[in-house]
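Analysis of the macromolecular model
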Amino acid sequence: MSASKKTRREFLQQSLLAGAGITISAMGMPASSYARIMGANDRVNVGLVGFSDRARQALLPSFFNNNKELNFDLIAVSDIWNRRREEGKAFLQEKTGHNVQACMNNDELYNIKGLDAVFIASADFQHAYHTIEAVKNNCDVYSEKPFAETMEEARNALKAVKDSKRIMQVGTQRRSGASYHSAANFIKEGKFGPITMVEMTWNVNQPGRWRRPDLVKSIRESDTDWKRFLAGRPQDSWDPRKYLEFRLFWPYSSGIFGQWMTHQIDTVHWFSGLKHPRSAVANGGIYMWKDGRKNPDTLTAVFDYGPENDPSDGFQVMYSSRFHNSAGGTKEIYYSNGGTIDMSTNKISATGGLTEREAQEMGMHANLLPDLILSNAEKVTTSANTGGDALTNAHVRNWMSCVRERKQPNAPIEAAYSHSIALIMGNAAYRTGMKATFDEATQEVMVGGKVFRM
């Protein structure tokens, strides 16, 4: 850290201590409130790692919805592909009204004096790698999910973030949704009763999802830096499909598990307070889209959750997803003996619960749930381009506020680590055909008595 950056960081922290007693809401506050905090006029300078579709269509619109009020600026973009680098520079200069530095790689990015934070919107398998780079260069981080696709990367990133004490948010934006907070509180207050099962689906009919045929035809190896792209993956020859359609190819992505399941499985960890599954089994395949992809277009996984030392206590999570028929859409349904919490309709109800009469016949007490609508429901979308939707906007704002306040955001590194374990367990089960478990002592995913490797 440069002397100037260190002084600035210390000043922010000291200023916030000086403002003790003033509470700022992570979900929003009037700009005038910041004037009461010393140092609030000190601008936070942000860089972007990867000018991806997600960055352009969702993260940046959310950032620019809030940056003026919270006094943030975007000053640089780093992308190893010359086309995206120049597009990013032009896009950001139009949005900011000032010069934005275009960096050929992250070495250049972190040489910029006064850089405070970064958005990481690179390829799936690079998120943990790039997070480690960022925190080691004294920057706060907003990283897209999935966070890590191997346990080694997950452990290294967890340690790096915790050692650095930087503010890190992972992009599981349900954690900033008001309806999700209402459901989490309802469960944690004991009103729902013990969770007995969770059903999750994510179905689309999108033949072109994760495909980039026109870009694949246009890119050349000389346009980018293939060795940097690999970011710790095994040596491989140049392949424009792996570069641009990485979500279809392991070990560059686990596909459905990393892209979609992480969102929903993260709510299981949040609502239950459990850090990871006890076991996972999975099945699926490429049943429809025979286009050279290696990751499945249809997938079902079943997870067992509960205390590690008490196999008699717990619940099951069933996750299924397909690319070729959208019937059923996206669902997240929590079950207890008293009823259901349906996050797809944002309703709590006694549906399926044990009635008073049935309970009396069994000599039990019924715990039928009331009919409730969860507050301020935000619509979850399954389209590739979500735009600056309400959940992403709230999540980005929460991170920005927490960078200001130097406090833990809604989805900190621990949440990122937990969803990484679940997706790696699911991926291990699918790829080996065996039950996957987690070794708490070694923090490794195990299949057939061996550590799961790429």
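Look above for the structure.
Source: prediction; values computed, not measured.

Each helix and strand in the protein was counted, giving 15 helices and 17 strands. Relative to its full complement of 454 residues, the protein shows a buried share of 57%. Residue pairs at least 24 apart in sequence account for 73% of intrachain contacts in the protein once pairs closer than 6 positions are excluded. Summed over all atoms, the accessible surface of the protein reaches about 19100 Å², with 50% contributed by carbon and sulfur.

So, about the pairing of strand β1 (residues 44-49). For a regular strand, side chains alternate in direction, first toward one face of the sheet and then toward the other. Of all 6 residues making up β1, 6 are buried, and the element is well covered by its neighbours. On β1, burial covers both faces: Val 44, Val 46 and Leu 48 on one face and Asn 45, Gly 47 and Val 49 on the other are all buried. The handedness of the β1 to strand β2 (residues 72-78) crossover, carried by helix α3 (residues 53-70), is right-handed. Pairing analysis gives 4 bridges linking β1 to strand β4 (residues 117-120), with the strands arranged parallel.

Let's shift gears to the pattern of salt bridges. Tallied over the entire structure, the rule returns 25 salt bridges. Its salt-bridge partner being Arg 54, residue Glu 144 comes within 3.3 Å of it at the nearest N-O pair. Highlighted residues: Glu 144 in the loop between β5 (140-143) and α7 (151-164) and Arg 54 in helix α3, separated in sequence by 90 residues. Summarising the burial analysis for this pair, Glu 144 and Arg 54 share the class buried. For Arg 211, the salt bridge is made with Glu 245, and the minimal N-O distance between the two is 3.1 Å. Of this pair, Arg 211 sits in the loop between β7 (197-203) and α9 (213-218) while Glu 245 sits in the loop between α11 (240-244) and α12 (256-272), and the two are 34 residues apart along the sequence. Overall, Arg 211 belongs to the partly exposed group, its relative accessible area being 24%.

Omega for the peptide link from Lys 145 to Pro 146 comes to 0°, which places this bond in the cis form. The residue Pro 146 is located in the loop between β5 and α7 in this model. Look at Lys 165: it is not a glycine, yet its phi comes out positive at around 60°. Structurally, the position occupied by Lys 165 is in the loop between α7 and β6 (168-170).

With that settled, consider the sheet that holds β5. Strand order in the open sheet formed by 6 strands is β3-β2-β1-β4-β5-β6, with parallel pairing between adjacent strands. Of all the strands in the sheet, just β3 (101-103) and β6 have a single pairing partner and so form its edges. Taken pair by pair, the neighbouring strands of this sheet meet at an average axis angle of 20°, ignoring direction. Where helix α4 (residues 82-96) meets the sheet, its contacts fall on β1, β2 and β3, and the angle it forms with β2 comes to roughly 165°. Contacting β1, β4, β5 and β6, helix α6 (residues 127-136) crosses the sheet at an angle of about 165° to β5.

Criteria and cut-off values
- The numbers attached to residues start from 1 for each chain and follow its sequence in the written order.
- For this predicted model, a pLDDT threshold of at least 70 governs which residues receive local features, and a threshold of 80 or more governs which side-chain atom pairs are given and counted, while totals over whole chains, interfaces and linings are taken from all residues.
- Water and hydrogen atoms play no part in the side-chain values, which are based on all heavy atoms of the structure.
- The way it works is that DSSP assigns letters per residue, a run of H or I at least four long becomes a helix, a run of E at least two long becomes a strand, and they are numbered from the N terminus.
- Only protein chains enter the accessibility calculation, which uses a 1.4 Å probe; a residue is then buried when its area is under 20% of its type maximum, exposed when over 50%, and partly exposed in between.
- Residue contacts follow a heavy-atom distance rule, with two residues in contact if any of their heavy atoms lie within 4.5 Å.
- Using a 1.4 Å probe, the Shrake-Rupley method yields the accessible areas, and only the shown protein chains count as cover for residues.
- Consider the strands pointing away from the viewer: the crossover is right-handed when the path from the first strand over the helix to the second runs clockwise.
- Pairing between two strands is assigned when DSSP locates at least 2 bridges connecting them.
- Should a side-chain nitrogen of Lys or Arg be within 4 Å of a carboxyl oxygen of Asp or Glu, the pair is scored as a salt bridge.
- Orientation is described by axes fitted as lines to C-alpha atoms, over the contacting stretch for helices, and by angles from 0 to 180 degrees between their N-to-C directions.

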